[in-house]
Amino acid sequence: MLDKTYRPGEVEPKQYQKWEESGAFAAGGQNADGQPYTIMMPPPNVTGSLHMGHALTFTLQDILTRYHRMKGFDTLWQPGTDHAGIATQMVVERQMAAEGLTRHDLGREKFIERVWTWKASSGGTITRQLRRLGASPDWARERFTMDEGLSDAVRKVFVDLYKHGLIYRDKRLVNWDPKLHTAISDLEVEQRPVNGNLWYLKYPIEGEEGRFITVATTRPETMLGDTGVAVHPEDERYQDLIGKKIRLPIADRLIPIVADLHSDPEKGSGAVKITPAHDFNDFEVGKRHDLPMINIFDRDARLNEAVPAEYQGMDRFEARAKIVAAFEEMGLLEKIEPNAMTQPYGDRSGVVIEPWLTDQWFVDAETLAKPAIEAVQDGRMRFVPKQWENTYFEWMRNIQPWCISRQIWWGHQVPAWFAPDGKYFVALTEEEAQREADAHYGEKVTLTRDTDVLDTWFSSALWPFSTLGWPENTDALKKYYPTSVLVTGFDIIFFWVARMMMMGMKFMDGQVPFKDIYIHALVRDEKGQKMSKSKGNIIDPLDLIDKFGCDALRFTLTALAAQGRDIKLAESRVEGFRNFATKLWNASRFCEMNECKPVAGFDPSTARQIVNRWMAGKVAEASARVADALDAYRFNDAAQGLYQLVWNVFCDWYLEFAKPIFQGTDDAAKAETRATAAWSLQQILKLLHPVMPFITEELWEQFGTGGSLMLTGWPQLSFRDEQAESEIDWLVRTISEIRTVRAEMNVPPSAKLALKVKDQSAQTADRLARYQPIILTLARLDSIETGVAEGGKGAVQVVVDEATLFLPLGDVIDLAAERTRLEKEIGKLDAEIAKLDGKLNNEAFVAKAKPEVVEEQRERRAEADAVRSKLADAVRRISG
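Residues numbered from 1 in each chain as written. Predicted model: local features only at pLDDT ≥ 70, side-chain atom pairs only at ≥ 80, totals over all residues. Heavy atoms only, no water.

### A word on the layout of surface pockets
Reasoning step 1: The volume enclosed by the second largest pocket comes to roughly 1100 Å³.
Reasoning step 2: At 6 residues, the largest contribution of residues to the lining of the second largest pocket is made by strand E13 (residues 333-346).
Reasoning step 3: Class assignment of the residues belonging to the lining of the second largest pocket gives a composition of 14 nonpolar, 15 polar and 10 charged. (1 Å grid on protein atoms, 1.4 Å probe; cavity = no way out; pocket = protein on both sides within 12 Å on 5 of 7 lines; lining within 4 Å. Points joined across faces, edges and corners; volume = space filled by probe spheres on them. Helix = DSSP H or I, 4+ residues; strand = E, 2+ residues; numbered from the N terminus. Nonpolar A, V, L, I, M, F, W, Y, C, P; charged D, E, K, R; others polar.)

Have a look at this one:
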């Protein structure tokens, strides 16, 4: 017997343990002969804990996995975690700092041992939390981006790309973190708005005493590294200065004035200082004009020996103040203007990032990108929604060399060894590098391994094939590659998706790593704002699971996952879908109490009761609708179809229609209806299982046919009885229309009304007669009269098909007062709609407002319009 209340806190750990211990998640199980279906889990950071973005992406992946498993596919959802180089190293270094230690106190080898120890004891948090979310990957195949097999793959890819000329070492600008002492990727740079200044500095023209060119800069401290001044070639103010030189104040160096399109005549003074070693745009200008590149900072962003002695060793911001003071003293500071700007910060260190010229390893991303672009162009790989193709193409067609080296200790160490003269040898092993070096020099030389490690994204770019055993040609690789779909967020299209495309096509004979890429939206708070610690609006998915159950959270995220639209998440929504789970539980208890038990071999198409044939048809219709939606990644449509089937069709209508049968004396009708109810509930549990796995598995133990629900086949149903559908749908519409009038007119629930019907067909008259008892009960009526000419004074009317239905309300409510109330509400809504239209039709507002604010205004407009329409219908009903 089912408990009176569903208790997710007890059911979820019990059911998950059963699943995991039974091996039900494993690929190659009972569906070993089925068509492969593979999803690669985007490996969360080993340092991570479950956040709402994880909850969304892993819920959607689990839905697809469970759905295809039930359809007979040999499903592999490949799990694993990422070593997260910088993030993990920071966690361990903070731990050591509390002990008064630094990594340098331990040395590289001992420090890495300590990180592995931390990983063994604390690195499993995220995978434990994924189990709480109900995730069903093949845990036995779990991989880690630093495990032995993946490390072999990383070394081979690096060496092969180097031998093909696609990895090289170069001196280029990188995002340098002066606190962490490493280059970082663009993804790890956070652009923050700041209120800065624009300093106008006067540079003297050499040979023209008293003449200056003024440059506007946000970073006066870098002027000591200037090697040129650029003006626009068509800027008439500076035509006679192009090709001349200025004498750089303080540094006392001559530098040229060059013509370059980089300079914007409308911005600042129209002349810009060029510091190729400390600005990404200036670096390109410097290359175009062959300007020297002078690095004036050390790794701490302090000024080095390339500047005058009095500035050496100064912090960059201290140097800024000193330089500005010096210019003012020399009479060369023209003015200072306030300037709103963005400044790059390290997302982990929190310090201002410095463009820094260093020797780093780079990947020739432009060459690797070409086949990956073509694969999307010719349809071998598709984005869902399609508009993300544009984002992908924009980045791939303008791709820059990829800096893959990092100056930290935790990660894949670069497989390169340096000889005393600086020449390097790239090889799979130290022994191989030594042989190459000895052959090159004709004698044995001492080699020193590069201390850099590879960007975390380098190893994760290999994830779709390295996790399957590459570079070995394993059975898993042959069966499960290429994968079926990648589910991920838009924020890592560049940093992970594109790189997996490039690496997969390079090393897997031109095969795309996945056929589909489903890009889901962002989970925001209920106001549409991005969640952040600073705003204090972060919603913890584990808190919601504790409060409402995992299934409620999963269904909420699924129901809100409309393609191309961010999710506005409020706790009240999760609570609402907790009520949905409760509704399903209570309906199941009702079936149990009315002895609705599965009947072996029951075929609903043989049912004689029209309501049972109607229910069987609705189940078949929903089955097709949900499958079509999941196949097209329309998760919200699948959730809507499930909700309507469970709440509206099964609970609100079918079980209500079944009650008189259960309470009647026709034993054959009772038996058939019990069997149909049990069969319908079975199909509902199957359809609902991918989204709400825990409650459905628990109920399957009572209403199933044995075994685990997750390994039961997906319903393949095609039954439809058009006559039953037409008749019972009419019954539902009729009762619904009467209920709507009662609700809109504030008719007391206890009031029994008379129903008068005009212009009814013979078929409608027959239906009204046959279904009169159920209509009287569910619509709360005391009589039905057909063939009337009019409804009489004080009657409200509705139309159902050809018939007009009258409900005399004059003796029950004050119709005039009700009309006044409704018209007053309509007036309020008209004012609100006009106000919203004023904003939405204002081009300035739409241009300046955040997209989520504009979207919220549009949603409010649509909601107000829908409510107004309902109220207007109510007024028309009163008016007759």
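### Quick notes on helix H19 (residues 571-593)
Reasoning step 1: With 23 residues, H19 should cover 33 Å at 1.5 Å per step; its first-to-last C-alpha distance of 33 Å lies within 8% of that length.
Reasoning step 2: Buried residues along H19 sit against helix H17 (541-548), helix H18 (550-560), strand E25 (567-569), helix H21 (635-663), helix H22 (667-688) and helix H23 (693-703).
Reasoning step 3: Positive phi shows up at Glu 595, right after H19, with a value of about 60 degrees. (Expected span 1.5 Å × (residues − 1). Contact = heavy atoms within 4.5 Å.)

### Quick look at the sheet that holds strand E28 (residues 795-800)
Reasoning step 1: Pairing in this open sheet of 4 strands is mixed, and the strands run E27-E26-E29-E28 from one edge to the other. Both outer strands of the open sheet, strand E27 (781-786) and E28, are each paired with one neighbouring strand and no more. Sheet twist, expressed as the average angle between the axes of neighbouring strands with direction ignored, equals 25 degrees.
Reasoning step 2: Direction of pairing for E28 relative to strand E29 (residues 803-808): antiparallel, over a ladder of 6 bridges. (Pairing = 2+ DSSP bridges. Axes fitted to C-alpha atoms, helices over the stretch in contact; angles between N-to-C directions.)

### So, the sheet that holds strand E10 (residues 245-248)
Reasoning step 1: Reading across from one edge, E10-E11-E9-E12 is the order of the 4 strands in this open sheet, with mixed pairing throughout. Each end of this open sheet is capped by a strand with a single partner; those strands are E10 and strand E12 (271-274). When the angles between neighbouring strand axes are averaged without regard to direction, this sheet yields 30 degrees.

### Quick look at the side chain of Thr 483
Reasoning step 1: Mapped onto the elements, Thr 483 comes out in strand E22 (residues 483-489).
Reasoning step 2: Take Thr 483: its relative accessible area is 0%, and that puts it in the buried class.
Reasoning step 3: In this structure the side chain of Thr 483 is engaged in a polar contact, spanning 2.6 Å, whose partner is the backbone oxygen of Pro 513.
Reasoning step 4: When sequence neighbours within four positions are dropped, the list of residues in contact with Thr 483 reads Thr 38, Met 40, Pro 513, Phe 514 and Lys 515. (Buried < 20%, exposed > 50% of the residue type's maximum accessible area, 1.4 Å probe, protein only. Polar contact = N/O pair within 3.5 Å; in protein donor to acceptor, adjacent residues only side chain to side chain.)

### Some thoughts on the nonpolar core
Reasoning step 1: Formed by 147 residues in total, the largest nonpolar core has its most connected members in Met 52, Trp 614, Phe 650, Phe 657, Met 745, Ile 775 and Leu 809.
Reasoning step 2: In terms of residue count, H21 provides more of this core than any other element does, 16 residues in total.
Reasoning step 3: Not counting residues up to four positions away in its chain, the partners in contact with Phe 657 are Val 611, Trp 614, Ile 728, Leu 731, Val 732, Ile 735, Ile 774 and Leu 778.
Reasoning step 4: If you look at the next biggest cluster of nonpolar residues, it comprises 64 residues, including Ala 153, Trp 457, Ala 461 and Met 501. (Core = buried A, V, L, I, M, F, W, Y, C linked by side-chain atoms within 4.5 Å.)

### Overview of unusual backbone geometry
Reasoning step 1: The omega torsion of the bond from Val 384 to Pro 385 falls at 0 degrees, within 30 degrees of zero and hence cis.
Reasoning step 2: You can see Pro 385 is positioned in the loop between strand E15 (382-384) and helix H11 (388-396).
Reasoning step 3: The step from Trp 470 to Pro 471 runs through a cis peptide bond, and the omega angle for that step is 15 degrees.
Reasoning step 4: By the secondary structure assignment, Pro 471 is in the loop between helix H14 (463-466) and helix H15 (475-480).
Reasoning step 5: Within the chain, Ala 84 stands out as a residue other than glycine whose phi angle is a positive 50 degrees.
Reasoning step 6: Note on placement: Ala 84 falls in the loop between strand E3 (80-81) and helix H3 (85-97).
Reasoning step 7: The residue Ala 301 is not glycine, and still its phi comes out positive at about 65 degrees.

### Some points on the side chain of Asp 82
Reasoning step 1: For Asp 82, the location among the structural elements is in the loop between E3 and H3.
Reasoning step 2: Buried and without a salt bridge, Asp 82 has Arg 348 as its closest oppositely charged side chain, separated by 8.3 Å.
Reasoning step 3: In contact with Asp 82, not counting residues within four places along its chain, are Pro 43, Pro 44, Asn 45, Val 46, Phe 144, Thr 145, Thr 456 and Ser 460. (Lys, Arg positive; Asp, Glu negative; His and termini not counted. Salt bridge = Lys/Arg side-chain N within 4 Å of Asp/Glu carboxyl O.)

### Examining the packing of aromatic side chains
Any pair of aromatic rings gets described here by the distance separating the centres and the angle formed by the planes.
Reasoning step 1: The final tally for this structure, using the stated rule, is 42 aromatic pairs.
Reasoning step 2: Look at Tyr 643 and Trp 647: their rings are 5.5 Å apart centre to centre, the planes differ by 10 degrees, and that puts the pair in the stacked class. Here the residue Tyr 643 and the residue Trp 647 both occupy positions in helix H21, the gap between them amounting to 4 residues, near one helical turn.
Reasoning step 3: On the basis of relative accessible area, Tyr 643 is assigned to the partly exposed category, the value being 27%.
Reasoning step 4: Among the aromatic side chains, those forming a connected cluster through ring pairs are Phe 158, Tyr 162, Trp 361, Trp 402, Phe 418, Tyr 424 and Phe 458.
Reasoning step 5: Across the ring face of Tyr 200, the terminal group of Lys 335 is positioned such that the distance to the ring centre comes to 4.6 Å. (Phe/Tyr/Trp six-rings, centres within 6.5 Å; stacked < 30°, edge-to-face > 60°. Lys NZ or Arg CZ within 6 Å of the ring centre and 35° of its normal.)

### Let's talk about the environment of Leu 768
Reasoning step 1: Here Leu 768 lies in helix H25 (residues 762-770).
Reasoning step 2: As for Leu 768 and Gly 794, which are separated by 26 residues in sequence, their C-alpha atoms are 23 Å apart.
Reasoning step 3: Every residue in contact with Leu 768, bar those within four places of it in the chain, is listed here: Trp 730, Val 757, Ile 775, Ile 784 and Thr 786.

### Notes on the pattern of salt bridges
Reasoning step 1: Enumeration over the complete set of coordinates arrives at 62 salt bridges.
Reasoning step 2: Here Lys 547 makes a salt bridge to Glu 571, at a shortest N to O gap of 2.6 Å. Taken as a pair, Lys 547 in helix H17 and Glu 571 in helix H19 lie far apart in primary sequence, 24 residues in all.
Reasoning step 3: For Glu 571, a relative accessible area of 39% gives the class partly exposed.
Reasoning step 4: Put simply, Asp 837 and Arg 861 hold a salt bridge, and the shortest N to O gap is 2.6 Å. On the criterion of sequence distance, the pair formed by Asp 837 in helix H27 (residues 815-840) and Arg 861 in helix H29 (residues 851-879) is long-range, its members being 24 residues apart.
Reasoning step 5: Classification of Arg 861 by relative accessible area gives partly exposed; the value is 22%.
Reasoning step 6: Within the structure, one salt-bridge network assembled from shared partners comprises Arg 219, Glu 221, Arg 316, Arg 320 and Glu 354.

### Here's the deal with the state of the cysteines
Reasoning step 1: Evaluated as defined, the whole model comprises 0 disulfides.
Reasoning step 2: With no disulfide of its own, Cys 596 lies closest to Cys 591 among cysteine sulfurs, the gap being 4.5 Å.
Reasoning step 3: Judged by its relative accessible area of 2%, Cys 596 is buried. (Disulfide = S-S within 2.5 Å.)

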